[in-house]
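# Summary of the model geometry
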Amino acid sequence: MKNTKVWFITGASRGFGRVWTEAALQRGDKVVATARSLSSIADLSEKFGDNVLPLALDVTKIDQVKSAIDTAFAHFGEIDIIFNNAGYSLVGTIEEGKADEIRALYETNVLGPVAVIQAALPYLRKQGYGHIVGTSSNLGHITLPVIGYYCSSKWAFESIHESLALEVKQFGIKVTIVEPGAYATEFGSPESLKFSAGMEEYTEFKSQFVDSLRQLDRGNPLATSEAIFQVVDSENPPLRFLLGKYNLPHLRETYAERLAEWEKWEAVSSAAQDF
């Protein structure tokens, strides 16, 4: 196993992206840190010198994605970890969401990561190794009201990465989906949330939902770096990795309910197979 790794991280200016960027640099790794605003990550060079390459990157701009990937590989000669972390949430009920808002959400949360993956894969195939890691959510398995479109983007994110893992294993490339629960990051900041125009019919429902979110026990994002290192340093990393202690109990309950419902209707489902 290599002593040091080279990372390419999107969304490195805040939240998990910032935490993991600084943690990787602090342990002596090299990082291509990207963000929409170069000024938001410019201080990294002052702290970590030549071990970091800050680049401006809007993942919704295909040409900019390709240029950033080309620059990254040219600068460091190799990339071990492609880490898709950029994303945001659209807040609004299914009825409130507008087509252009939903489309923009998918441009960032789904098509942006795909663009990064597609730009990086020719390099990863050529070097014969690499680890594609993506920040999803426990909401890639379950859903909540009011942020249903965000949840749907993570369900898409999950399925794309699962298919990808099967396709690129033959090239020595690994894939991991990181699925955090609730953490005290800047995810609730104006930069990470967009709001659909509200309808009066949902005002009280949304207010109750927001109150319930405020009561969640949020993890400390600084506690996550060691877990991420264990995943990327592993010879056999998991396809899916839950981040936080509350996810697995919740998912056990969710999948038990789904199985119970499918089994309840099994006779009707099976009867629909043949005449």
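Details of the structure are given in the entry above.
Residues numbered from 1 in each chain as written. Predicted model: local features only at pLDDT ≥ 70, side-chain atom pairs only at ≥ 80, totals over all residues. Heavy atoms only, no water.

Judged by nonpolar contacts, the single largest core of 28 residues is most densely connected at Phe 8, Ile 82 and Ile 132. Taken together, the elements giving at least two residues each to this core come down to strand E1 (6-9), strand E3 (52-56), helix H3 (62-76), helix H4 (99-127), helix H5 (148-168) and strand E7 (173-180). Leaving out residues up to four positions away in the same chain, Ile 82 has contacts with Phe 8, Ile 69, Val 116, Ala 120, Leu 124, His 131, Ile 132 and Val 133. Among the nonpolar cores identified, the runner-up in size contains 27 residues, and Val 31, Ala 33, Phe 83 and Val 133 belong to it. (Core = buried A, V, L, I, M, F, W, Y, C linked by side-chain atoms within 4.5 Å. Buried < 20%, exposed > 50% of the residue type's maximum accessible area, 1.4 Å probe, protein only. Helix = DSSP H or I, 4+ residues; strand = E, 2+ residues; numbered from the N terminus. Contact = heavy atoms within 4.5 Å.)

Turning next to unusual backbone geometry. In the Ramachandran plot, Val 146 falls in the positive-phi region, its phi being about 75 degrees despite a non-glycine side chain. Tracing the chain through its elements places Val 146 in the loop between strand E6 (130-135) and H5.

With that settled, consider the packing of aromatic side chains. On inspection of all chains with the given rule, the structure shows six aromatic pairs. Considering the side-chain rings of Phe 16 and Tyr 183, the 5.2 Å spacing of their centres and the 70 degrees angle between planes classify their relative orientation as edge-to-face. In this pair, Phe 16 is assigned in helix H1 (residues 15-26) and Tyr 183 in the loop between E7 and strand E8 (193-195), connecting sequence segments 167 residues apart. Given a relative accessible area of 11%, Phe 16 falls into the buried group. When the ring of Phe 73 is compared with that of Tyr 123, the centres are 4.2 Å apart and the planes differ by 10 degrees; the resulting orientation is stacked. Remark: Tyr 123 occurs in helix H4 and Phe 73 occurs in helix H3; sequence separation between them is 50 residues. (Phe/Tyr/Trp six-rings, centres within 6.5 Å; stacked < 30°, edge-to-face > 60°.)

This part is about the layout of surface pockets. Of the volumes computed, that of the second largest pocket is approximately 250 Å³. Lining the second largest pocket are 14 residues, and of these Lys 5, Asp 80, Tyr 129, Lys 174 and Val 232 sit closest to its centre. Looking at the lining of the second largest pocket, the elements with two or more residues in it are E6 and helix H7 (225-233). For the lining of the second largest pocket, the residue count by class is four nonpolar, four polar and six charged. (1 Å grid on protein atoms, 1.4 Å probe; cavity = no way out; pocket = protein on both sides within 12 Å on 5 of 7 lines; lining within 4 Å. Points joined across faces, edges and corners; volume = space filled by probe spheres on them. Nonpolar A, V, L, I, M, F, W, Y, C, P; charged D, E, K, R; others polar.)

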